[in-house]
Amino acid sequence: MTTDTMLNDKDPLETEEWVEAILSVMESEGVERAQYLLQRLSSKVTATGAQLPYAINTPYRNTIPVHKETRMPGDLFMERGIRSLIRWNAMAMVMRANLDDSSLGGHISSFQSSATLYDIGFNYFFRARNKDHKGDLLYIQGHSAPGIYARSFLEGRLSEDQLDKFRQEVDGDGLSSYPHPWLMPEYWQFPTVSMGLGPLQAIYQAHVMKYLDHRGLSDAGDRKVWCFIGDGEMDEPESQGAIALAGRERLDNLIFVINCNLQRLDGPVRGNGKIIQELEGVFRGAGWNVIKVVWGRMWDPLLEKDKLGLLQQRMDEAVDGEYQNYKSRSGAYTREHFFGKYPELLKLVEDMTDDDIYRLNRGGHDPYKVYAAYAAASKHKGQPTVILAKTVKGYGLGPAGEAQNISHSVKKLDIEGLKSFRDRFDIPLPDSELEKIPYYRPAEDSPEMRYLRARREALGGPLPSRNPEFDALKVPDLGSLESVTRGTGEREISTTMAFVRILSSLIKDKQIGKRVVPIVPDEARTFGMEGMFRQLGIYSSVGQLYEPTDAGQVMYYREVTDGQVLEEGINEGGAFAAWLAAATSYTNNDCPLVPFYVFYSMFGFQRVGDLCWAAGDLQARGFLIGATSGRTTLNGEGLQHQDGHSHILAGTVPNCVTYDPTYAYELAVIVQQGLEEMYVKKLPKYYYITVMNENYVQPAMPKGCEEGIIKGLYRLQQNTKKTNKKAVQLLGSGTILREVIAAAEILKTEFGVDADVWSATSFNELRREGLSTARWNMLHPEEKPKLSYVEQCLGKTKGPVIAATDYVKSYADQIREFIPASYTVLGTDGFGRSDSRERLRHFFEVDRYFVTVAALSALVKDNLLPPGVVSEAIKKFNINPEKPDPAVS
Ligand SMILES: Cc1ncc(C[n+]2csc(CCOP(=O)(O)OP(=O)(O)O)c2C)c(N)n1
Ligand SMILES: [Mg+2]
């Protein structure tokens, strides 16, 4: 509505009649009836073709009217005092960390804007895990970490020494810059600082919590997932990307609190608009319960007096850039520029001083308003809730950083700034002490400390808190996978099919079967997993409200409330977040799960790499299965599908164990060993295993190869003899191992060269072990040097070593320094392209003929063959020596 239409109503009497009519309906028959009438009116009007204004937004005011606010029960002044100390200590820890070494950094302004938002939660809502309750889960905004530490310090959980080790983690006892469970496994639950990952994780956490509840594995009860997010952070696609799922699944165990301080790092989030209004529209559209907490209670009397709605109109008009000015400047400025726009509004505030106007507070800084919002959110049923709380960035910092564009990076206050901060928050410290920026904790038996402790005791204990312990699982032994390890005889199957057999077998296991969580992003059919739809059911919180078109078939699309399969749709980020929630269920739900997330390997680490990194931090336990992998093995799909580098990316995550097995029995050994490592030995690692869609005979497991499979290398064929000097060692992984085996045969029959064949299940694991051995040798110069595993395997063998994989050359090249002979690596550098496997392997130079040529060439270099032999081979195999280099074609 424009200002003109508001002020120049053509027929105020008629307007009044309509308003009165609807108010009287509301009064006598309730809101629902009024809503019904409005809907009927709207339907009639739109049927004529007229467009009514699209009303996804409500006016720029609090969603909860004053008379419906649930009153905060506690002691407002006591809580303000405690919160002020938290504010002070948070600021002090950042400043002290930077006294000697200002490169350490830290943030003050984010927490100062959200202190009340956290405090109300800690004082009244966030329940800790204890014997009666599994606890709420908190996703804390990364840059607010100092405030959370400051509270823990007041609570006596952290000492001054620990606070002084903020951001000094090398010795292992410092405090992490941001929430990271890796180095603080008993404190932080969720890494959030990579913007967007928190909200995405929180949604899937709530989703998986409901899934476990429906499956009878872990009672969701009234547990809540609280997720604190920056308004700037909401611009991340990951922040908003899954909100429709939360709405659709009616995740009423999920509460987002968006700290709308109107600023991000560089400046305003929406200088020319209003972030709260924009987010309201987005979340309402996605089916959320939206609670706006815009104005503090100082505004209530003014709004009460605003009979004409002009103040509301002015609030609706002003943009965030202006709202930022009202707080970065002064009450006088606000009088002139906000109220001054209309004489009626100037009149409204004529009795107020400029300071009074400056003190007109924002909703997110008003404990009563925040409490009312949290109380409503906690009770709300059938929808997730988002609380949009308006705050001021750098609240309390004054000219040094309050609502300034530079606020985000403020790390220091000068002495004047400290004094004004102290005065504003009544911190009992004399001027003489300020320079040292001391921490302040009241005496143990002071009323503040007793109050603080009592609040947390009532809520079950301190938070944040993470429980790294869980009961080991009884996992099946390798014998239980005998149907896989004994081979397929004549039958040709892919490792993907073998994987499905392994998975089916695990699901049938009495001990862990129920805990297995198969997760797919709309690719189950691609991987031959559709049998699970019927057998296990696809989880849906509402079951199946329709008859599926394939109802008559054996493998029909069965959705069911206690379905075991999580089918997350075309949504790799979401499916990964679901896997993360399942993979950390051992700590978050006291219910260890064994999740298998199966995806196109190209859409894994490359697509959602940051979540894979977070999985390491989170100590996720579970399996990632990169299917249809290999640059030349997924033959028809072309550049965007053919993965030749996911192992390189996976290898960068320190606790991600990776394998590229060729045979079903290797896969069985790896999965079984993974279960032992993660769920019996409880080691904090997760597994990335690639499987392929190429069919071939799966041989029976040779004796004694398990250790080699796990370490990453074992000899599959020993063909070299003492009598023949022309010998090579051939290494291969994935499907390319089969080319290597074929090359060994060619070398033998056509060139008289003996070749041992090695299956290299993991170059990443070989490198890790090699580096660790080399490091030990360097640091223990006087002790007998140890041999790396690669040296142990190849040290006593004959001839040059040649490796070929379906991955970029750098993958196999990683073990070069541990190879005790010359080393040639073949790999698939370059963009993928569609064609037949045979032609692709020729193009990328990893087929049996190239392996043969590489082996002969290596023997030439070792003076064991004349160069003419290589030329002969090149000619024989029809290789064009001038063919384009695939790495750059
Ligand atoms: C993915 C990612 N990109 C960029 C950053 C760097 N960064 C840290 S805080 C920040 C601004 C945050 O603004 P907002 O979300 O509004 O939070 P506030 O501090 O205002 O509460 C930025 C850009 C990051 N941590 N993660
Ligand atoms: Mg912000």
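Higher on the page you've got the structure.
The rules behind the values
- Position numbers for residues start from 1 in each chain and track the written sequence from start to end.
- Each chain is given a letter, starting from A, and each ligand a number, starting from 1, according to the order in which they appear as written.
- Local features in a predicted model are, by the rule used here, given only for residues with pLDDT of at least 70; side-chain atom pairs are given and counted only at 80 or more, and totals for whole chains, interfaces and linings are based on all residues.
- Excluded from the side-chain calculations are hydrogens and water; all other atoms, namely the structure's heavy atoms, are used.
- Every helix listed is a DSSP run of H or I at least four residues long, and every strand listed is a run of E at least two residues long, numbered separately from the N terminus.
- Residues are treated as being in contact if the distance between any of their heavy atoms lies within 4.5 Å.
- Per-residue accessibility takes into account occlusion by the displayed protein chains alone, with areas from the Shrake-Rupley method and a 1.4 Å probe.
- By the counting scheme adopted, Arg and Lys are positive, Glu and Asp are negative, and His together with the chain ends is not counted.
- A charge is said to be at NZ when it belongs to Lys, at CZ for Arg, at CG for Asp and at CD for Glu.
- For this description, a residue counts as near a given molecule or strand if any of its non-hydrogen atoms is within 4 Å of it.
- Pairs of N or O atoms are called polar contacts if they sit within 3.5 Å, as long as, within protein, a hydrogen donor faces a hydrogen acceptor (for residues adjacent in sequence, only side-chain-to-side-chain pairs).
- Amino acids outside the nonpolar list (Ala, Val, Leu, Ile, Met, Phe, Trp, Tyr, Cys, Pro) and the charged list (Asp, Glu, Lys, Arg) are all regarded as polar, and Gly is one of them.
- Any two rings among Phe, Tyr and Trp, with Trp reduced to its six-membered ring, count as a pair given centres within 6.5 Å; such a pair is stacked if its planes are under 30 degrees apart, edge-to-face if over 60, and tilted if neither.
- Distance and angle both matter: a charge sits over a ring if NZ of Lys or CZ of Arg is within 6 Å of the ring centre and within 35 degrees of the ring normal.
- At least two DSSP bridges between two strands are needed for those strands to be called paired.
- Structural elements are reduced to axes, namely lines fitted to C-alpha atoms, with helices fitted over the stretch in contact, and the angle between N-to-C directions of any two is expressed from 0 to 180 degrees.
- Only N, O and S atoms count as donors, using a 2.8 Å cut-off from the metal and 3.2 Å for Na, K and Ca, and because water is excluded some sites may appear unfinished.
- Throughout, exposure labels follow a simple rule: accessible area from a 1.4 Å probe, protein chains only, divided by the maximum for the residue type, with under 20% read as buried, over 50% as exposed, and the rest as partly exposed.
- Angles below 35 degrees are treated as roughly parallel, those above 145 as roughly antiparallel, those between 65 and 115 as roughly perpendicular, and all remaining angles as oblique.
- Expected helix span is taken as 1.5 Å per residue step, with the number of steps being one fewer than the number of residues.
- Patch membership requires more than 30% relative accessible area and the absence of a salt bridge. Residues of like charge join within 9 Å; the nonpolar side chains Val, Leu, Ile, Met, Phe, Trp and Tyr join within 5 Å.
- Only one rule defines a salt bridge in this text: a Lys or Arg side-chain nitrogen within 4 Å of an Asp or Glu carboxyl oxygen.
- Side-chain atoms within 4.5 Å link the members of a nonpolar core, which is a set of buried Ala, Val, Leu, Ile, Met, Phe, Trp, Tyr and Cys residues.

S.K.: Looking at this structure, how should I read the overall build of the protein chain?
M.R.: For the protein chain, the helix and strand inventory stands at 37 helices and 20 strands. Viewed in the frame of its principal axes, the protein chain has a C-alpha envelope of about 105 × 75 × 55 Å. Counting contacts in the protein chain only where the partners sit at least 6 residues apart, residues at least 24 apart contribute 78% of the total. Carbon and sulfur atoms make up 51% of the accessible area of the protein chain, which totals about 37200 Å². Seen as two clouds, the 102 positive and the 117 negative side-chain charges of the protein chain have centres 4 Å apart.

S.K.: Sorry if this is basic, but what is going on with the site of ligand 1 here?
M.R.: The environment of ligand 1 is formed by 18 residues, the closest being S110, Q141, D231, G232 and K393. A distance of 2.5 Å separates an oxygen atom of ligand 1 from a polar atom in the side chain of S110. Here a nitrogen atom of ligand 1 and a backbone polar atom of M195 are 3.1 Å apart. Protein burial of ligand 1: of its 590 Å² of free accessible surface, 75% is covered by the chains. Along the lines of polarity and charge, the residues of the shell around ligand 1 split into 3 nonpolar, 10 polar and 5 charged.

S.K.: Please clarify how the packing of aromatic side chains should be interpreted in this entry.
M.R.: Each aromatic ring pair is described using two quantities: the centre-to-centre distance and the angle formed by the ring planes. Tallying each qualifying case throughout the model produces 55 aromatic pairs. Measuring from ring centre to ring centre gives 6.3 Å for F527 and Y600, while their planes differ by 75°; the resulting arrangement is edge-to-face. Pair noted here: F527 is in the loop between β7 (516–520) and α24 (531–536) and Y600 is in strand β11 (residues 594–600), with a separation of 73 residues, a long-range link. Measuring from centroid to centroid gives 6.4 Å for Y659 and Y687, while their planes differ by 20°, and the two rings are stacked. One end of the pair, Y659, is in strand β13 (residues 656–659); the other, Y687, is in strand β14 (residues 686–690), and 28 residues separate them in sequence. Among the aromatic residues, ring-to-ring pairing joins F111, Y118, F122, Y124, F125, F126, W226, F228, Y371 and Y374 into one connected group. The cationic tip of R71 hangs over the ring face of Y368; the distance from NZ or CZ to the ring centre is 4.1 Å.

S.K.: Can you help me understand the sheet that holds strand β18 (residues 754–759) in this one?
M.R.: Strand pairing within a sheet occurs via backbone hydrogen bonds; the two strands may be parallel or antiparallel. Overall, mixed pairing links the 5 strands, which are arranged β16-β18-β17-β19-β20 in an open sheet. Edge positions in the open sheet fall to β16 (714–717) and β20 (823–826), since each of these has one partner strand only. Neighbour-to-neighbour, the strand axes of this sheet turn through a mean angle of 30°, independent of strand direction. Taken together, the 4 bridges between strand β19 (residues 801–804) and β20 define a ladder with parallel strand orientation. The residue of β20 that forms the bridge with A803 is V825.

S.K.: Explanation requested: the coordination of the magnesium ion (ligand 2) in the structure shown.
M.R.: Ideal geometry at a metal centre gives angles of 109.5 degrees when four donors are arranged tetrahedrally and 90 or 180 degrees when six donors are arranged octahedrally. Around the magnesium ion (ligand 2), the protein contributes the donor atoms D231 (OD), N261 (OD1) and Q263 (O), at 2.0 to 2.1 Å from the metal centre. Binding-site remark: the magnesium ion (ligand 2) is held by donors from one chain whose sequence spacing is D-x29-N-x1-Q. Within this pair, whereas D231 is found in the loop between β2 (225–230) and α9 (237–240), its partner N261 is found in the loop between β3 (254–260) and α11 (275–285), the two being separated by 30 residues in sequence. On the accessibility criterion, N261 (5% relative accessible area) is buried.

S.K.: It is not clear to me how the packing of helix α5 (residues 109–125) against helix α21 (residues 447–458) should be interpreted in this structure. Could you clarify?
M.R.: Each packed pair of helices is defined by two parameters, the angle between the axes and the distance between the axes. Between α5 and α21, the least distance of the axes is 7 Å, while the angle of their chain directions is 65°. Classified by the angle their axes make, α5 and α21 are roughly perpendicular. For the pair formed by α5 and α21, the contact residues are G121, F122, N123 and Y124 on the first element and Y451, R455 and R456 on the second. Partitioned by chemical class, the residues of the contact of α5 with α21 number 3 nonpolar, 2 polar and 2 charged.

S.K.: Quick question: what am I supposed to make of helix α4 (residues 76–100) here?
M.R.: Counting along an α-helix, one turn takes 3.6 residues, and residues three or four places apart therefore face a common direction. Helix length check: α4 (25 residues) gives 38 Å between terminal C-alpha atoms against 36 Å at 1.5 Å per residue, within 8%. The element α4 is extensively covered by neighbouring structure, given that 19 of its 25 residues are classed as buried. Two or three places before F77, at the start of α4, stands the capping residue D75, its side-chain oxygen 3.0 Å from that residue's backbone nitrogen.

S.K.: Could you clarify how one ought to interpret the pairing of β13 in this entry?
M.R.: Side-chain direction in a regular strand flips from residue to residue, so the side chains alternate between the two faces of the sheet. Residues of β13 alternate between two faces, with C656 and T658 on one and V657 and Y659 on the opposite face, all of them buried. Sheet topology places β13 next to β14; 4 bridges connect them, and they run parallel. Looking at the pairing, V657 lines up with Y687 of β14.

S.K.: Would you mind showing me how to read unusual backbone geometry here?
M.R.: As a rule of thumb, non-glycine residues mostly have phi less than zero, and peptide bonds are mostly trans rather than cis. Cis peptide bonds are those with omega within 30 degrees of zero, and the linkage from L463 to P464 qualifies with -5°. Structurally, the position occupied by P464 is in the loop between α21 and α22 (482–485). In this model, R250 sits at a positive phi of 50°, which is unusual for a non-glycine residue. On the basis of relative accessibility, which here comes to 45%, the residue R250 falls in the partly exposed class. One non-glycine residue, A403, lies in the positive phi region at around 55°. With respect to the helices and strands, the residue A403 is situated in the loop between β5 (385–390) and α19 (415–424).

S.K.: Explain the sheet that holds strand β4 (residues 289–293) to me, please; I cannot follow it from the model alone.
M.R.: The sheet built from 5 strands is open, its strands ordered β1-β2-β3-β5-β4 with parallel pairing. Pairing within the sheet leaves two strands with one partner each, and these edge strands are β1 (137–139) and β4. Pairs of neighbouring strands in the sheet enclose a mean axial angle of 15°, with direction left out of account. Pairing of β4 with β5, which is carried by 5 bridges, proceeds in the parallel orientation. By the bridge assignment, V290 is partnered in β5 with V386. Contacting β1, β2 and β3, helix α8 (residues 197–214) runs over the sheet at an angle of about 165° to β2. Against the sheet, α11 engages β3, β4 and β5, with an angle of about 165° to β4.

S.K.: Explanation requested: a negative patch on the surface in the structure shown.
M.R.: Taken together, D9, D11, E14, E16, E17 and E20 make up a surface patch of like negative charges. Mapped onto the elements of the fold, E20 is located in helix α2 (residues 12–29). Judged by relative accessible area, E20 falls into the partly exposed class, the value being 43%.

S.K.: So what exactly am I meant to see when it comes to the side chain of Q324 here?
M.R.: Summarising the element assignment, Q324 is placed in helix α14 (residues 320–328). Of the residues examined, Q324 reaches a relative accessible area of 9% and is grouped as buried. When near neighbours in sequence (up to four residues on either side) are disregarded, Q324 contacts L262, Q263, P268, A403, Q404 and N405.

S.K.: What exactly am I supposed to notice about the nonpolar core here?
M.R.: Within soluble globular proteins, side chains that are nonpolar generally end up buried alongside one another. I203, F256 and W579 are the most contacted members of the largest nonpolar core, which has 90 residues in total. Tallying contributions element by element places α8 first for this core, with 10 residues. Excluding anything up to four places from it in sequence, W579 contacts I519, P595, F596, Y597, A615, A620, G622, F623, L624 and Y686. Core analysis: the next-biggest nonpolar cluster, separate from the first, contains 87 residues, A627, A743, V753 and V869 among them.

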